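# Per-entry structural report
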Amino acid sequence: MSTTTPTASSESQPHMRRALGLTGLTFFGVTYMTVITVFTTYGIVNQVTGGKLPAAYIVAVITMLFTAGSYAAMVRRYPVAGSAYTYAQQSFGGAAGFLTGWVMLLDYLFIPMINFMLIGIYMNTQFPAIPIWVFTLAALLLVLVFNVLGITLVSKLNMAIIALSVVLVIVFVALAFKQHLGGATDVGIIEPFTFGEGGIGAIASGAAILALSFLGFDAVSTLSEEAKNPRRDIPRAIMLSTLVGGFFFILVAWAGALAFDPDWASMDQAQIDAAGTTVMDSFGASWFTAFFVAVYVAGAFGSGMTGQVSVSRILYAMGRDGMLPKPLSRLHKRFGTPIVAAVVVSTFALSALFVPFDVAAFMISFGALAAFAMVNLSVIRTYLFPKGGRTRPATAWEILRFGVIPLVGFGLTIWLWTSLQPITWLVGACWLVLGVGVIVLVTRGFRGPVPKMDFSEGDPTTQQIDALGDEFPLEGERR
């Protein structure tokens, strides 16, 4: 890479501000995952697994740790906005990169939407006279305003939301164990971690749905151009947010399984969607249910806010590369935020007013797992089989770190991916065909190359990366 500093002209253009350190990045990831997101799919996954939500989380966490390691490896190589889109693009070419980013858009576009839906559903349980859509629309508009105002404000709000969520989790776990010890259920301590009647297949199906709970580490990687030291702090934040979020997911799911063990198969769809309030009502304390709804809504708002921040950065990267309309790469002159992309995401999120909740949840997992699989393969290609060949043979550690571990992550991800319901594959396939159509239009019938980010010498993005001056140079770099 070049060591040339950015030119004056490039410095005068609107740009993203490097304002986030390790703490802010980790909080962003954990807020995106939101500690109480357990209750987002609580009813759906318990229904699929026969009440074995904790076991599904164990499988999901193990799979996600392998993939999080791959994200950490790729962000050190390409510390720029774009996430899996950029990684696959630089590893396998523009077409593969675009299709990866295109499929990934499914989860990122649906994440804000599903959170706005949940805000409406849970607020309606407390204020039934007000229609769900009113709360949903209000949350959507407020998130758009915060997104435009900038990443620093979002980071401050994240810390407050996490603090409230941790308080809720502590109280919930205490009440759950008290209720279990009081004989409310006869569930054994280890029983929630067993496979149950559905076997490993049902657990895998549940874990596949739970992939949406772990998008926080992917979201962290989209902030590479807003981190103070992306090559050092983003990999650490990715692993930390996955570990912290995974720990709380398992703890809350386990406590809930011990305290409340209904016949999930007999519940109707409305009860499944708002299963969190049903669990809280079982404690017999109306104040706690109200507190739960308040904190859950705050958590859903934070997750929707960080989700919209992330997807707007991906659209920004695609617009900058020319794969989507150029206006998407337009930044707000004062706040340095991708204003056009943010408005587009909010417009798409309006579909939360009519799309079924379970459909949105399945589609998020489909897009997430597809992107995770490509990131794992990108590590192998980038580090072990780089374009132009390696300058020296790979060491045993490099083969393990950049070959075996990503390959295991790829295999686990594909296993979960194929465990999703058939309707998810149908919708995903239609979306993929639409993405191929975009490539046909952009390349004028494949007569031209698929645009991609340029990392050659003299390119402004390369100059920004080189100007970081971090203490983790890559193989072949001299500082």
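Everything below is about the structure printed above this text.
Now for a look at the structure at hand. Within any chain, residue numbers begin from 1 and follow the written order of that chain's sequence. Per-residue local features are limited, in this predicted model, to residues with pLDDT of at least 70; the limit for side-chain atom pairs, both in listing and counting, is 80 or more; totals at the level of whole chains, interfaces and linings are taken over all residues. Excluding hydrogens and water, the side-chain values take into account all heavy atoms of the structure.

## Details of the overall build of the protein chain
- When you go through the protein chain residue by residue, the secondary structure sums to 19 helices and zero strands.
- Contact definition: two residues touch when any of their heavy atoms are within 4.5 Å. In the protein chain, 82% of the contacts between residues at least 6 apart in sequence involve partners at least 24 apart.
- If you sum the accessible surface of the protein chain, you get close to 18,300 Å²; carbon and sulfur atoms cover 68% of it. Labels follow the DSSP assignment, with helices taken as runs of H or I lasting at least four residues and strands as runs of E lasting at least two, numbered in each case from the N terminus. For every accessible area listed, the method is Shrake-Rupley and the probe measures 1.4 Å; residues are considered covered only by the protein chains on display.

## Here's the deal with the packing of aromatic side chains
- Only centres within 6.5 Å qualify two rings of Phe, Tyr or Trp (six-membered ring in Trp) as a pair; their planes then separate them into stacked at under 30 degrees, edge-to-face at over 60, and tilted for everything else. One pass over the full model with this rule turns up 28 aromatic pairs.
- With centroids separated by 6.4 Å and ring planes inclined at 40 degrees, the aromatic side chains of Phe127 and Phe135 adopt a geometry described as tilted.
- Residue Phe127 is classed as partly exposed on the basis of its relative accessible area of 45%.
- Through successive ring pairs, a cluster of aromatic residues spans Phe39, Tyr42, Tyr122, Phe172, Phe260, Trp264, Phe283, Trp287, Phe288, Phe291, Phe292 and Tyr296.
- When the ring centre of Tyr383 is taken as reference, the NZ or CZ atom of Arg77 above it lies at 5.0 Å. With a 1.4 Å probe rolled over the protein chains alone, any residue whose accessible area is under 20% of its type maximum counts as buried; one over 50% counts as exposed, and the rest are partly exposed. We call a charge positioned above a ring when the Lys NZ or Arg CZ atom is no farther than 6 Å from the ring centre and deviates by at most 35 degrees from the ring normal.

## Some thoughts on the pattern of salt bridges
- The salt bridge definition used is simple: a Lys or Arg side-chain nitrogen within 4 Å of an Asp or Glu carboxyl oxygen. Under the defined criterion, the tally for this structure stands at three salt bridges.
- Two residues, Lys52 and Glu191, come together in a salt bridge whose shortest N-O distance is 3.7 Å. Placement of Lys52 in the loop between helix H3 (42-49) and helix H4 (53-77) and of Glu191 in the loop between helix H8 (151-181) and helix H9 (199-209) is noted, with a sequence separation of 139 residues between them.
- For Lys52, a relative accessible area of 9% translates into the label buried.
- What makes Glu191 partly exposed here is its relative accessible area of 36%.
- A salt bridge links Arg232 to Asp233, with the nearest nitrogen and oxygen atoms 2.9 Å apart.

## Details of unusual backbone geometry
- Although it is not a glycine, Arg444 sits at a positive phi angle of roughly 55 degrees.
- Relative to the helices and strands, Arg444 is located in the loop between helix H18 (422-442) and helix H19 (460-466).
- On the accessibility criterion, Arg444 (65% relative accessible area) is exposed.

## Considering the environment of Leu251
- With respect to the helices and strands, Leu251 occurs in helix H11 (residues 230-259).
- Sequence separation between Leu251 and Tyr57 is 194 residues, and the spatial gap between their C-alpha atoms is 9.8 Å.

## Regarding the side chain of Thr41
- Mapped onto the secondary structure, Thr41 falls in the loop between helix H2 (22-33) and H3.
- We classify Thr41 as buried; its relative accessible area is 0%.
- If we ignore the near neighbours within four places in the chain, the residues touching Thr41 are Ile209, Leu210 and Leu212.

## Concerning the nonpolar core
- Buried Ala, Val, Leu, Ile, Met, Phe, Trp, Tyr and Cys residues that are joined via side-chain atoms within 4.5 Å together make up what is termed a nonpolar core. Core analysis: the biggest nonpolar cluster contains 142 residues, and Phe39, Tyr122 and Phe172 have the highest contact counts within it.
- The element contributing the most residues to this core is helix H6 (residues 94-126), with 19 residues.
- When residues no more than four places from it in sequence are discounted, the contact partners of Phe39 are Tyr122, Phe172, Val252, Gly276, Met280, Phe292 and Tyr296.

## A few points about H6
- Between the first and last C-alpha of H6 there are 49 Å, a value that for 33 residues agrees with the 48 Å anticipated at 1.5 Å per step.
- Fitting axes to the seven residues ending at a residue and to the seven starting there, one defines the bend at that residue as the angle between these axes. If you look at H6, its biggest bend is around 30 degrees, right at Leu105.
- Here H6 lies mainly inside the structure; 28 of its 33 residues are buried. Between the first and last residue of a helix there are one fewer steps than residues, each counted as 1.5 Å, and that sum is the expected span.

## Overview of the packing of H6 against H18
- Axes here refer to lines fitted to C-alpha atoms; in helices the fit is confined to the stretch in contact. Angles between the N-to-C directions go from 0 to 180 degrees. One way to put it is that H6 packs onto H18 with a least axis distance of 10 Å and a crossing angle of 135 degrees. Comparing the axis directions of H6 and H18 gives the class oblique. The handedness of the crossing between H6 and H18 comes out as right-handed. Each of Ala95, Phe98, Leu99, Trp102, Val103, Leu105, Leu106 and Leu109 in H6 lies in contact with H18, whose residues at this interface are Gly428, Trp431, Leu432, Leu434, Gly435, Val436, Val438 and Ile439.
- Gly is put with the polar residues, along with every residue not named as nonpolar or charged; the nonpolar set is Ala, Val, Leu, Ile, Met, Phe, Trp, Tyr, Cys and Pro, and the charged set is Asp, Glu, Lys and Arg. Grouping the constituent residues of the contact of H6 with H18 by class yields 14 nonpolar, two polar and no charged. Note on terminology: angles under 35 degrees are roughly parallel, angles over 145 are roughly antiparallel, angles of 65 to 115 are roughly perpendicular, and the others are oblique. Should the near helix be turned anticlockwise from the far one by less than a right angle, the crossing is left-handed, and should it be turned clockwise, the crossing is right-handed.

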